[in-house]
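# Results of the structural survey
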Amino acid sequence: MSFTPRVFSGVQPTGNLHLGNYLGAIKQWVRMQHDMPSIYGIMDMHAITVPQNAAELAACSRQTAAALIACGIDVSKSIIFVQSSVSAHAELAWILGCHTPLGWLNRMTQFKEKAGKQKDMASLGLYGYPVLMAADVLAYKATHVPVGEDQKQHLELARDIAGAFNRAAGAEILPLPEPMILPTAARIMSLRDGTKKMSKSDASDYSRINLTDDADAIAAKFKKAKSDMVEGISYDEESRPEASNLLQIYAALADEPLAKVSDAFASSNFSSFKSALADLAVAKLSPISARMRELLVDPDELDRLLASGRDRAAAIAAPVMREIKQATGFFV
Ligand code: AMP
Ligand code: TRP
């Protein structure tokens, strides 16, 4: 059976978005929205799988909405909404959870990392995170899910869960969603350690470029970025993780093939390469941060956009949920 193509993806509203989010995920979203109807969620229900400050969470959701619009998501075309404002996510997560064997969840590496040594202290929410993620995508029968590499395992699980639901229902009700992972910017690494991914949760702000950083901060962060003692700039993930990461960032920002960029800087030193990279990053990111600041001046307008996104998303999920509830035997 074939399903109408639809994109769904999401980002958690925890702190500022960074260059990894932008190059690994959001840049792809901006491109894909022209090819298929697209829904982009601000995933606050996922955010509370670790402790959050309630007073800050809603403000972060609004700020994330501003960032998505500033990056180029067109709300007249695509839907931007906050996950917790559409009840289908929680409802479907429950149903799908009843089709998910614990053995599948026990394989999830993100849970193992986040739960750490004290597994008994981790919450049911953190454990069920991938089930909620499957519900996010399947509530809209989305077929394509553009994400960074770190989410691949969760999406493979979403496919397994959709398959399990279909088998139990005896009908192909849900599509098996396809992860879309960019080959070049799938995993942008920390500026302080080329073997760790760039992340919102890194204690050092120097490890990441935030979309709200000004030109001085961007230049300072690239200048301080970890380098190595090898002559010239070349790509070799194994022996030169930092140089490779910076080349990857350059290529992704410039929309140029990695080989072309590494040829161009083959005989440069770190200092001149980093300064070219900082100039490029400022040129690409400063229009985004300027637009974000403009949007945040009018929070009421952002709230109106999010309310409209919520209604449009809920209208797409409603018939899907009816079908799923019927197939489950719920009284509808
Ligand atoms: P998160 O910030 O964890 O909500 O992630 C939002 C999106 O950004 C997901 O699609 C992630 O896979 C992607 N992402 C997060 N960090 C990185 C990174 N360092 N490199 C590439 N993609 C990333
Ligand atoms: N878990 C994703 C992340 O941290 C965010 C997310 C939640 C998501 N639900 C989703 C991404 C559904 C794609 C599809 O990056």
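Described below are features of the structure shown in this document. (Residues numbered from 1 in each chain as written. Chains lettered and ligands numbered in written order. Predicted model: local features only at pLDDT ≥ 70, side-chain atom pairs only at ≥ 80, totals over all residues. Heavy atoms only, no water.)

### Considerations on helix α9 (residues 215-224)
Restricting attention to buried positions, one finds in α9 the residues Ile-218, Lys-221 and Phe-222. Axial view of α9: buried residues confined to an arc of 95 degrees, hence all on one face. Along α9, exposed side chains directed more than 90 degrees from the buried face belong to Asp-216 and Lys-223. On the buried face of α9, the contacting elements are α1 (19-32), α10 (241-254) and α12 (270-296). (Buried < 20%, exposed > 50% of the residue type's maximum accessible area, 1.4 Å probe, protein only. Helix = DSSP H or I, 4+ residues; strand = E, 2+ residues; numbered from the N terminus. Arc of directions from axis to C-beta. Contact = heavy atoms within 4.5 Å.)

### Examining the pairing of strand β1 (residues 7-11)
Most of β1 sits inside the fold, with 4 of its 5 residues counted as buried. Note that β1 and strand β2 (residues 38-42) share 5 bridges and pair parallel. Residue pairing across strands places Gly-10 opposite Gly-41, the latter belonging to β2. Regarding the hand of the β-α-β motif, the stretch spanning β1, α1 and β2 is right-handed. (Pairing = 2+ DSSP bridges. Right-handed = clockwise from strand over helix to strand, strands pointing away.)

### Description of the environment of Ser-267
As for its placement among the helices and strands, Ser-267 is situated in the loop between α11 (258-264) and α12. A relative accessible area of 73% places Ser-267 in the exposed class. When the C-alpha positions of Ser-267 and Ala-215 are compared, they lie 26 Å apart, and in sequence the two are 52 residues distant.

### Notes on the nonpolar core
Counting 56 residues, the largest nonpolar core has Leu-19, Tyr-22, Leu-23, Leu-68, Phe-222 and Ile-249 as the members making the most contacts within it. Ranked by the residues each element gives to this core, the list is headed by α12, at 10 residues. There are two domains that each give this core at least three residues, and those are domain 1 (7-187 + 298-328) and domain 2 (205-294). Each residue touching Ile-249, except ones within four places of it in the same chain, is listed here: Leu-19, Leu-23, Ile-188, Leu-191, Phe-222 and Leu-277. In this structure, Met-43, Ala-134, Val-137 and Phe-165 belong to the second largest nonpolar core, which totals 46 residues. (Core = buried A, V, L, I, M, F, W, Y, C linked by side-chain atoms within 4.5 Å. Domains from an automatic or database assignment.)

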